[in-house]
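Descriptive structure summary
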Amino acid sequence: MADIIQLLPDHVANQIAAGEVVQRPASVVKELLENAIDAKATQIKLLIKDAGKTLIQVIDNGLGMSDTDARLSFERHATSKIKTASDLFNLQTKGFRGEALASIAAIAQVELKTKQEKQEIGTILKIEGSKISVQDVISTPKGTSISVKNLFFNIPARRNFLKSNAVETRHIIDEFQRVSLAHPNISFSLLHNDNEIYHLKSDNLRQRIIGIFGDRINDKLVPINEATDLVKITGFVTNPKFAKKKRGEQFFFANNRFIKSNYLNHAVLSAFEGLLANKYYPSYFIFLEVNPSSMDINIHPTKTEIKFENETAIYSIIRATVKHSLGQYSVAPILDFNRDSNLDTPYNYKNKTKKIPNIVVNPNFNPFKKESYKTQTKDWESLYVGTDTLKTNLDTTKIIIESELSQTKLFEVETDKPIVKTYQVQGKYIISTLKNRLLILKQNLAHQRILYEELLTKITIENIGSQQLLLPTEIDFTKPDIAILFEIKEELENIGFQFKEFKSDGIIIDAIPATLPQEKLVETLEEIMNNIKLGVPRNGFSQLDAIIKSMVKSMAIKVGQKLTTKEQEEIIDKLFSCKETNYAPNGKQIFITYSFDEIEKKFN
Ligand code: ADP
Ligand code: MG
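Residues numbered from 1 in each chain as written. Chains lettered and ligands numbered in written order. Predicted model: local features only at pLDDT ≥ 70, side-chain atom pairs only at ≥ 80, totals over all residues. Heavy atoms only, no water.

**Regarding the sheet that holds strand β22 (residues 591-595)**
Within a sheet, adjacent strands bond to each other through the backbone by hydrogen bonds, running parallel or antiparallel. Ordered by their spatial adjacency, four strands build an open sheet running β16-β17-β18-β22, and the pairing between neighbours is antiparallel. The strands lining the two open edges of the sheet, one partner per strand, are β16 (423-425) and β22. The sheet shows a mean angle of 25° between the axes of neighbouring strands, direction not considered. Sheet analysis places β16 next to strand β17 (residues 429-434), joined by three bridges and oriented antiparallel. (Pairing = 2+ DSSP bridges. Helix = DSSP H or I, 4+ residues; strand = E, 2+ residues; numbered from the N terminus. Axes fitted to C-alpha atoms, helices over the stretch in contact; angles between N-to-C directions.)

**Remarks on the packing of aromatic side chains**
Following the criterion strictly, the structure yields 15 aromatic pairs and no others. Arranged with centres 4.8 Å apart and planes meeting at 40°, the rings of Tyr263 and Tyr315 form a pair that is tilted. With a gap of 52 residues between them, Tyr263 in helix α8 (residues 262-271) and Tyr315 in helix α9 (residues 311-328) connect regions that are remote in the sequence. When its relative accessible area of 1% is taken as the criterion, Tyr315 is described as buried. Aromatic pair Phe499 and Phe502: ring centres 5.1 Å apart, planes at 45°, arrangement tilted. We classify Phe502 as partly exposed; its relative accessible area is 22%. Aromatic ring contacts, followed pair by pair, group Phe213, Phe251, Phe253, Phe258, Phe285 and Phe287 into a single cluster. (Phe/Tyr/Trp six-rings, centres within 6.5 Å; stacked < 30°, edge-to-face > 60°. Buried < 20%, exposed > 50% of the residue type's maximum accessible area, 1.4 Å probe, protein only.)

**With respect to the confidence of the model for the chain**
Looking at the chain, pLDDT values average 80 and 81% of them are 70 or higher. Across residues 332-417, confidence stays below pLDDT 50; counting only partners more than four residues off in sequence or on other chains, it has 192 contacts. (pLDDT = per-residue confidence, 0-100. Contact = heavy atoms within 4.5 Å.)

**What to know about the environment of His171**
With respect to the secondary-structure elements, His171 resides in helix α6 (residues 165-182). Accessibility expressed as a relative area gives 28% for His171, which makes it partly exposed. For His171 and Ser27, which are 144 residues apart along the polypeptide, the C-alpha to C-alpha distance reads 8.7 Å. Aside from chain neighbours lying at most four places away, what touches His171 is Arg24 and Ala26.

**Thoughts on helix α2 (residues 25-38)**
In this model α2 runs 20 Å from its N-terminal to its C-terminal C-alpha over 14 residues, within 8% of the 20 Å that 1.5 Å per residue would give. For α2, the buried fraction is high: 13 of the 14 residues fall into the buried class. Positive backbone phi, at 65°, marks Lys40, one or two positions downstream of α2. (Expected span 1.5 Å × (residues − 1).)

**Things to note about the pairing of strand β2 (residues 55-60)**
A large share of β2 lies buried, amounting to five of its six residues. When strand β1 (residues 43-49) meets β2, the two strands line up antiparallel, connected through six bridges. Opposite Ile44, over in β2, you have Asp60 as the bridge partner. Between β1 and β2, which pair antiparallel in sequence order, lie five residues; one of them, Asp50, sits at a positive phi of approximately 50°. Here six bridges tie β2 to strand β6 (residues 143-149), and the two strands are oriented antiparallel to one another. Across the sheet, residue Leu55 finds its bridge partner in β6, namely Lys149.

**Regarding the side chain of Glu111**
One can find Glu111 in strand β3 (residues 109-115). Classification of Glu111 as buried rests on a relative accessible area of 17%. Discounting chain neighbours no more than four positions away, the residues touching Glu111 are Ile124, Leu125, Lys126, Ser145, Ile146 and Ser147.

**Some details on the pattern of salt bridges**
For the structure on display, the rule yields 14 salt bridges. With a shortest N-O distance of 2.9 Å, Arg24 and Glu168 are connected by a salt bridge. Taken together, the residues Arg24 in the loop between α1 (10-21) and α2 and Glu168 in helix α6 connect sequence positions 144 residues apart. For Lys489, the salt bridge goes to Glu493, with nearest N and O atoms at 3.3 Å. Highlighted residues: Lys489 and Glu493, both in helix α12 (residues 489-494), separated by four residues, approximately one helical turn. The buried category is assigned to Glu493, whose relative accessible area is 18%. (Salt bridge = Lys/Arg side-chain N within 4 Å of Asp/Glu carboxyl O.)

**Some points on the sheet that holds strand β11 (residues 250-254)**
If you walk across this open sheet you meet the five strands as β9-β10-β13-β11-β12, and the pairing is mixed. Each of the sheet's edge strands pairs with one partner strand only, and the pair in question is β9 (221-227) and β12 (257-259). Shown here is a sheet whose adjacent strand axes are inclined to one another by a mean of 20°, direction ignored. Strands β9, β10 (232-238), β11 and β13 (284-289) of the sheet are contacted by helix α7 (residues 205-213), whose axis makes an angle of about 40° with β10.

**Focus: the packing of helix α11 (residues 479-487) against helix α13 (residues 521-533)**
With their axes 10 Å apart at the nearest point, α11 and α13 run at an angle of 85° to one another. Here α11 lies roughly perpendicular to α13, going by the angle between them. Mapping the contact onto sequence places Asp481, Ile484 and Leu485 in α11 and Leu525, Met529, Ile532 and Lys533 in α13. By residue class, the composition of the contact of α11 with α13 is five nonpolar, no polar and two charged. (Parallel < 35°, antiparallel > 145°, perpendicular 65-115°, else oblique. Nonpolar A, V, L, I, M, F, W, Y, C, P; charged D, E, K, R; others polar.)

**Some details on the site of ligand 1**
Near ligand 1 you find 19 residues, and of these Asn35, Thr79, Ser80, Lys81 and Gly98 are the closest. Protein chains bury 92% of the 530 Å² of accessible surface belonging to ligand 1 in isolation. Among the secondary structure elements, those contributing two or more residues to the shell around ligand 1 are α2 and α4 (100-106). In terms of residue class, the shell around ligand 1 is built from seven nonpolar, eight polar and four charged. (Near = heavy atom within 4 Å. Areas by Shrake-Rupley, 256 points an atom, 1.4 Å probe, with all protein chains shown as cover.)

Here you go:
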């Protein structure tokens with residue numbers, strides 16, 4: 001049989017390659033804007049007609065091209081940005097594949113005008129379906145203007161496949177926003193059908209964000225900042241109070257390149273954990289700077305998905321940094337303790353000296369007995385102890401109060417808070433009034449929030465302390481569970497657990513956190529393990545958070561538990577002294593309110 005394999009002609013190969021690079025008008029926008037940035041432009045103008053279907057034009061004041069380069073720039077794999085494969089590991093530019101212009105010219109009518117600063121006269125080039133129709137000299141300002149007309153004119157199937165103008169314009173605007181956010185020092189403008197949509201002057205990042213998303217975002221921006229050997233993090237997150245119900249503005253940039261990463265997105269969201277209701281999302285604009293060699297942007301042709309060498313470490317650092325900023329700006333429970341450059345555990349709770357476990361909480365202490373609230377702040381810890389009578393083997397003669405509890409200002413009752421009356425209904429809700437509104441809150445969730453903030457403060461700032469068990473307690477666990485516990489042993493010890501032995505069928509415990517009622521021990525450990533199994537990232541910091549949440553869940557007063565009026569008031573007081581009052585640590589809404597106007601209307 002005769003040979004049947006033949007090489008595809010260039011223009012066919014280009015058309016096939018174009019399918020990868022150019023999915024829609026927005027892809028062209030991205031490539032052209034990036035080329036202008038790589039050419040060191042300080043002013044970039046984007047003109048669009050009919051959602052880019054008729055015209056996409058980018059005009060820059062960058063370096064321009066010589067006439068030979070202008071011609072070469074449309075060849076496939078023609079690039080000025082890398083010379084050898086090893087350059088790939090030290091990329092400083094957006095482009096490097098040298099296929100964007102070749103691809104675009106294969107599927108559109110392209111006109112290029114360009115001039116370098118030192119040239120007297122510029123070059124004009126017209127290409128259609130990979131064929132050059134005009135190459136000439138022209139008088140044109142320094143820089144480059146590329147217009148791309150009638151995209152997919154020669155591939156009707158692709159052209160028909162484009163979405164409505166509204167959708168394609170949205171994609172273009174997204175692309176424009178990403179690129180212009182990544183480069184606040186460059187002026188950008190966008191005109192669609194001759195209407196100016198954006199006119200962004202060179203400025204700092206905050207002003208650029210405001211320029212794009214409007215003045216209203218200004219007050220919501222919480223700066224973030226962290227520098228480690230591995231990564232430098234800057235940018236903003238929005239205050240959780242302003243979270244949106246839809247995903248909103250979420251931007252990650254790695255070395256000033258917009259990237260998508262579900263994994264890193266999770267790091268940010270998890271830093272907001274406990275601060276946001278279900279289905280609410282924060283906005284963020286986070287810039288990562290890493291050594292270019294530790295980042296592989298080559299795994300996707302349109303280069304938004306990338307791989308980092310040290311992804312898990314970067315995850316931890318992002319999470320800790322965002323958490324820290326939220327704490328610093330008083331929008332989250334305080335997490336303001338010394339920093340540690342140790343990457344696995346960005347915060348140094350790890351190095352805190354453990355309390356000698358000679359501390360016992362009075363097991364007969366009834367948290368809700370009237371006299372125990374003579375001084376509000378002194379006895380706040382009582383809520384920890386749980387409300388069931390402790391079935392316990394604690395040495396009741398050895399009662400030592402662990403630390404100066406009155407130092408804790410967190411739960412001092414605000415005097416101007418008029419609490420009228422409270423009622424408990426269905427063993428589940430507490431009903432009262434709050435300012436001019438009717439308040440209905442869930443006792444269990446409110447208490448979880450209170451305990452969470454107390455524990456977080458105690459663990460991260462004060463050291464939580466241990467209570468020694470009279471007799472070491474043995475608890476049976478399966479092998480995989482023991483392995484998990486062993487892995488987080490250090491975190492557990494930091495909050496007051498002491499282990500005597502890890503056996504093949506169980507563990508022996510010597511001491512437990514001072515705040516943990518002993519009868520909640522097994523439940524808490526199981527809760528912790530479940531949480532860890534659900535995929536808490538394996539770093540000390542997240543695990544600590546998960547551990548606290550687990551403790552809080554098992555310690556909080558449950559649905560069905562009857563509360564005295566005093567107890568109900570305590571809960572309301574303490575909840576409204578929390579940093580976050582709206583949501584429980586698990587993200588659920590704690591209370592709802594109705595204005596009396598709303599109620600009045602119901603009677604009509
Ligand atoms: P890449 O950006 O991957 O190198 P492109 O096909 O996008 O590939 O561009 C090819 C080459 O054309 C670039 O390497 C650059 O030298 C030149 N070029 C493209 N756009 C511009 C521009 N706006 N200003 C100056 N040079 C440009
Ligand atoms: Mg390019």
